[in-house]
Amino acid sequence: MELTGANSSRVGRIRSRIGVLGGTFDPVHNGHLAIASAVFNVLELTKVLFVPAARPWIKESGVGREVSSINHRVAMVELAIKGREGYELSRVDADRPGLSYSVDTISDLRAEYGHAAELLLILGADALEELPRWRDPERLAQMCTLVCVGRPGSGLPEDMPPDHPGRDAQFVSGPMLHISATEIRSKVAAGQPITGLVSPDVARYIEKHGLYSHDHEGKR
Ligand code: ATP
Ligand code: MG
């Protein structure tokens, strides 16, 4: 049926709902894919953007480990989402010089998608807990819709203190997978299999490039 008059103008007002999953993705794993899928389905998103951070500020604040090069991390995201409809790579944080902050991610994506788009920042519950330490967390919470997905070991938004900027985040329970990139890196370093933790293409990429198997984990 052709849409005319009132119907077509209503169609014109439909907002796209864009999920934004930022991270270090060192490497991207099945936990990331599972939370993207949960939020995509439950909140009926238009798409989910995977946004690898060139220089994640949180990982440069004294953790000590060298993060793999952004090119490796982007390549692994591309392999992991290949052929999955609704998932896209965004290079906004890969291409911006300096440390990567989510307020800049959302500003750049707002400029790219305009005000007709709803931007939903997807955070694992551990990331939500850390939100007060992020740059301009109150402003960030006003610039987008915060969505928290459950992660084993971390609490619900409503468990946060009253002044916590993520207390009003929407909550999606998600599949609660015990998967972390930290665990994957240590398994590779110990020569153990990572089957079922990352996609087969990502596992092959890690092996081919020798990521995580040495002290200077995959730096190039
Ligand atoms: P690392 O162990 O190196 O910190 P990670 O597995 O936490 O890696 P990140 O790239 O730090 O992965 O995470 C990006 C985002 O994905 C964060 O918001 C994080 O909370 C979320 N996330 C990662 N793994 C899970 C999981 N298993 N369940 C829920 N959220 C997750
Ligand atoms: Mg993490």
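Since this is a predicted model, take the numbers as computed values, not measurements.

About the cut-offs
- Residues take numbers from 1 onward in each chain, read along the sequence in its written order.
- Written order decides the labels, with chains lettered from A and ligands numbered from 1.
- In keeping with the model being predicted, local features are shown solely for residues with a pLDDT of at least 70 and side-chain atom pairs are shown and tallied solely at 80 or more, while totals for entire chains, interfaces and linings include all residues.
- Processing note: side-chain calculations cover all non-hydrogen atoms of the structure and skip hydrogens and water entirely.
- Runs of H or I in DSSP of at least four residues are treated as helices and runs of E of at least two as strands, each being numbered from the N terminus.
- Exposure categories follow from relative accessible area, calculated using a 1.4 Å probe and restricted to protein chains: below 20% of the type maximum is buried, above 50% is exposed, and the middle band is partly exposed.
- In this description, contact between two residues means that some pair of their heavy atoms is separated by no more than 4.5 Å.
- To measure how exposed things are, a 1.4 Å probe is used in the Shrake-Rupley method; for residues, cover is taken only from the protein chains shown.
- The definition of a nonpolar core used throughout is a set of buried Ala, Val, Leu, Ile, Met, Phe, Trp, Tyr and Cys residues joined through side-chain atoms within 4.5 Å.
- What makes a residue near a molecule or strand is one non-hydrogen atom of that residue sitting within 4 Å of it.
- In protein, a polar contact requires one atom able to donate a hydrogen and another able to accept it; more generally it is a pair of N or O atoms within 3.5 Å, and residues adjacent in sequence count only if both atoms are side-chain atoms.
- Residues are grouped as follows: Ala, Val, Leu, Ile, Met, Phe, Trp, Tyr, Cys and Pro are nonpolar; Asp, Glu, Lys and Arg are charged; every other residue, Gly included, is polar.
- Strands are treated as partners if at least two bridges between them are detected by DSSP.
- With axes taken as lines fitted to C-alpha atoms, and helix axes fitted only over the stretch in contact, angles between N-to-C directions fall between 0 and 180 degrees.

A. A look at the overall build of the protein. For the protein, the count of helices and strands is nine helices and six strands. In the protein, which comprises 220 residues, the proportion classed as buried is 47%. Within the protein, counting contacts between residues at least 6 apart in sequence, those at least 24 apart form 72% of the total. When the accessible surface of the protein is summed, it comes to about 11,300 Å², and 50% of that surface belongs to carbon and sulfur atoms.

B. Broad picture of the environment of Ala-169. By the secondary structure assignment, Ala-169 is in the loop between β5 (145–149) and β6 (170–172). A C-alpha to C-alpha distance of 9.7 Å links Ala-169 and Ile-122, two positions 47 residues apart in sequence. In this structure, Ala-169 is in contact with Leu-128, Leu-146, Cys-148 and Pro-157, ignoring residues within four places of it in sequence.

C. Region of the structure containing the nonpolar core. In this structure, Leu-21, Val-28, Val-39, Val-48, Phe-50, Met-76 and Ile-206 are the most contacted members of the largest nonpolar core, which totals 34 residues. Broken down by secondary-structure element, the contributors of at least two residues to this core are α2 (30–42), β2 (47–52), α3 (70–81), β4 (117–124), β5, α8 (181–189) and α9 (200–208). The residues contacting Phe-50, other than those within four sequence positions of it, are Leu-21, Phe-25, Val-28, His-32, Leu-33, Ala-36, Val-77, Ile-81, Tyr-87, Glu-88, Leu-89 and Ser-90. By size, the runner-up hydrophobic cluster in this structure holds 25 residues, among which are Val-20, Val-103, Ala-125 and Trp-134.

D. Molecular detail of the site of ligand 1. Around ligand 1, a shell composed of 20 residues is seen, among which His-29, Asp-126, Arg-151, Ala-181 and Thr-182 lie nearest. Contact between ligand 1 and His-29: an oxygen atom at 2.8 Å from a side-chain N or O atom of the residue. Take Arg-151: an N or O atom from its side chain is 2.9 Å from an oxygen atom of ligand 1. Burial of ligand 1 by the surrounding chains reaches 91%, relative to a free accessible area of 590 Å². Looking at the shell around ligand 1, the elements with two or more residues in it are β1 (16–23), α2, β4, α6 (125–130) and α8. With three residues, the single largest contributor to the shell around ligand 1 is α8. When the residues that make up the shell around ligand 1 are grouped by side-chain class, the tally is seven nonpolar, nine polar and four charged.

E. Main features of the environment of Val-20. You can see Val-20 is positioned in strand β1. For Val-20, a relative accessible area of 0% gives the class buried. Sequence separation of Val-20 and Leu-119 is 99 residues, and the distance between their C-alpha atoms is 6.9 Å. Those residues within four positions of Val-20 in sequence are excluded, and the remaining contacts are Leu-49, Val-51, Thr-105, Ile-106, Leu-109, Leu-120, Leu-121 and Ile-122.

F. Seen up close, the sheet that holds β5. Read across the open sheet, the six strands follow the order β3-β2-β1-β4-β5-β6; overall the sheet is parallel. At either end of the open sheet lies a strand with only one pairing partner, and these are β3 (87–89) and β6. Between one strand axis and the next, the sheet turns through 30 degrees on average, direction left out of account. Bridge analysis of β1 against β2 gives six bridges, and the strand direction is parallel. Paired with Gly-22 across the two strands is Val-51, which belongs to β2. Across the face of the sheet, α2 comes into contact with β1, β2, β3, β4, β5 and β6 while running at roughly 150 degrees to β2. Helix-sheet contacts for α3 involve β2 and β3, and the interaxial angle to β3 is about 160 degrees.

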